[in-house]
Structures are given as C-alpha cells and as structure tokens.
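If you want the building blocks of each chain, they are given just below.
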Amino acid sequence: IKYVRKRIGLIENPVSDARRPVVFDERDVRISRDEEARLIQELANTPLVAASVVLAVETAMRRGELLALKWERVDFVDRTVYLPNTKTGKPRSVPLSPRALGVLLGLRLRWEQLKAERSGSDVIPLSAEGLKSVFQRARLRANLEHVNFHDLRHEATSRLFEGGWGIMEVAAVTGHADLKSLKRYTNLRASDLSKKMASLPTIM
C-alpha cells in the first residue's frame with residue numbers, strides 16, 4: 001500500500017488507523033497426576049524418555065535444556081543443575097525436588113554402568129527427534145493426544161504457583177524474563193484457588 005500510495009499520489013494510507021485483531025492463541029492445557037502417571041506407564045519400556053517427562057514436570061526445564069544437560073552440571077550435594085545455555089541467553093541454576101533427584105540418581109547409575117560402552121556425558125543421550133517420536137506415540141496410547149512435551153513445562157510452572165511459590169521464585173526456576181512471559185505458562189485451577197479462599201479469615 002505504501003508503494004502504491006507514492007506512485008498514484010494518495011495523501012494518506014487508507015488502512016493506517018486499522019488495528020490488528022487480538023488473537024488469543026495461548027494453550028490452556030493442564031495435566032493431572034493421573035494423566036501424568038498414565039503417560040509414564042506407557043513409557044515403561046523407554047526409561048530415558050520416561051525420565052525426561054518426570055524431570056520436565058519437576059523442574060520446568062525445556063526439552064532442549066534437558067537434552068543439553070551434562071553430568072558435570074549436576075550437583076547432587078546442593079541438589080541443583082546448572083544450565084549455561086538457555087533460550088533467554090542467561091544461564092540459570094535449577095533446584096531439584098526429591099523426585100527429580102531420585103530420577104537423576106537412577107540415570108547416573110545407568111550412565112556409570114554403560115560408561116565404557118558410551119562416550120560423552122549427556123544425562124539424557126537422545127536426539128530431539130528421537131525423544132519427540134517416542135513421546136508422541138506414548139501420548140496416543142495414553143489417550144493424551146492433546147498434550148505436547150512443552151505442556152509439561154507449563155504444568156510444572158502452574159504447580160509451583162499452586163504450591164505457594166512467589167513470582168520471583170518461580171521465575172528463578174523457569175528462567176522467564178518477565179511476568180508477561182511467565183503468565184502465559186500459568187493456568188491455576190479454580191478449585192485449588194477456592195481452597196485458599198476458604199482459608200481466608202472472614203468478618204462476622
């Protein structure tokens with residue numbers, strides 16, 4: 001339009017005041033504990049992918065962050081993992097829940113047993129396509145075809161908020177740069193919030 005306006009001498013752009021429509025394309029997918037268990041059960045024969053699912057739900061790490069994780073970045077004493085390269089470009093340390101720590105200990109034992117046969121120090125020695133392919137087949141068998149791997153990060157973030165974590169605490173775990181970005185991944189269950197409402201003092 002700008003090109004034509006200059007060519008034919010239009011004074012104004014006829015659509016200069018038009019506004020782009022607002023598109024609400026945020027995903028609103030929550031994963032219940034039962035659904036999570038069902039998914040992991042379907043991954044029983046692929047322990048590395050099952051471990052990836054648990055770690056994603058427990059740490060809110062992205063798929064790429066999980067696959068890039070090295071053993072030298074795992075601190076079993078302080079119960080943290082260090083991510084030097086993240087989507088935002090800023091490194092961060094992620095705290096480990098007891099469940100995540102247990103999964104990593106199991107993976108470490110497996111790695112020690114296979115170290116002579118396998119080079120490298122990848123915690124999860126899988127390709128992105130390999131992980132994606134196995135996960136997609138498992139979710140279909142579990143009747144969770146609406147769930148993608150990134151939804152696990154979404155679920156982890158929501159659970160932290162529901163557990164009473166503050167915004168800055170959650171941001172430190174997930175690595176979100178601002179509140180707007182963080183809000184996209186946070187869908188709190190109204191039923192859980194109603195329990196908090198019930199605990200508020202009332203005026204008689």
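For the structure, check the block above.
The rules behind each value
By convention here, each chain's residues receive numbers from 1 onward along its written sequence. Residue-level local features of this predicted model are given only where pLDDT is at least 70; pairs of side-chain atoms are given and counted only at 80 or more, and the full residue set underlies all totals for whole chains, interfaces and linings. Hydrogens and water molecules were not included; the side-chain quantities draw on all heavy atoms of the structure. Exposure above 30% relative accessible area and no salt bridge define the residues that can form patches, which grow by joining like charges within 9 Å and nonpolar side chains of Val, Leu, Ile, Met, Phe, Trp and Tyr within 5 Å. Surface exposure here means Shrake-Rupley accessible area, sampled with a 1.4 Å probe, where a residue is shielded only by the protein chains that are shown. Salt bridges are defined by distance alone: a side-chain nitrogen of Lys or Arg within 4 Å of a carboxyl oxygen of Asp or Glu. Helix and strand assignments come from DSSP, with helices taken as H or I runs of at least 4 residues and strands as E runs of at least 2, each series counted from the N terminus. In plain words, nonpolar cores are sets of buried Ala, Val, Leu, Ile, Met, Phe, Trp, Tyr and Cys residues tied together by side-chain atoms within 4.5 Å. Here's how the labels work: a residue is buried when its accessible area is under 20% of the maximum for its type, exposed when over 50%, partly exposed in between, all with a 1.4 Å probe on protein chains only. Contacts between residues were defined by any pair of non-hydrogen atoms, one from each residue, lying within 4.5 Å. Points on a 1 Å grid over protein atoms alone make up a cavity when a 1.4 Å probe fits among them but cannot get out, and a pocket when they form an open set with protein on both sides within 12 Å along at least five of seven lines; lining residues each have an atom within 4 Å of a point. Grid points are joined across faces, edges and corners, and a volume is the space filled by probe spheres set on the points.

Caption draft 1: Quick look at a nonpolar patch on the surface. Together, Tyr3, Val4 and Ile8 give the surface a local cluster of nonpolar side chains, amounting to about 330 Å² of exposed area. Locating Ile8 in the fold gives a position in helix H1 (residues 2–8).

Caption draft 2: Quick look at the nonpolar core. Grouped together as the largest cluster of nonpolar side chains are 44 residues, with contacts concentrated most on Leu43, Val81, Leu104, Leu107, Val123, Phe149 and Leu152. Elements represented by at least two residues in this core include exactly helix H3 (47–59), helix H4 (63–68), strand E2 (80–83), helix H5 (98–114), helix H6 (128–141), helix H7 (150–162) and helix H8 (167–174). At eight residues, H3 tops the list of elements feeding residues into this core. Not counting chain neighbours up to four residues away, the residues in contact with Leu152 comprise Ile31, Val53, Ala56, Val57 and Phe135.

Caption draft 3: Focus on unusual backbone geometry. The phi dihedral of Arg79 falls on the positive side, at around 60°, and the residue is not glycine. The backbone phi angle of Asn143 is positive, close to 60°, even though this residue is not glycine. Here Asn143 shows up in the loop between H6 and H7.

Caption draft 4: Region of the structure containing empty space enclosed by the protein. All chains considered together, the criterion is met by one cavity of 30 Å³ or more. When its volume is computed, the largest cavity comes out at roughly 40 Å³. Contributing to the lining of the largest cavity are Leu48, Leu107, Arg110, Trp111, Arg118, Asp122, Val123 and Pro125. Ranked by residues supplied to the lining of the largest cavity, first place goes to H5 with three residues.

Limitation: the analysis is restricted to geometry and does not speak to function.
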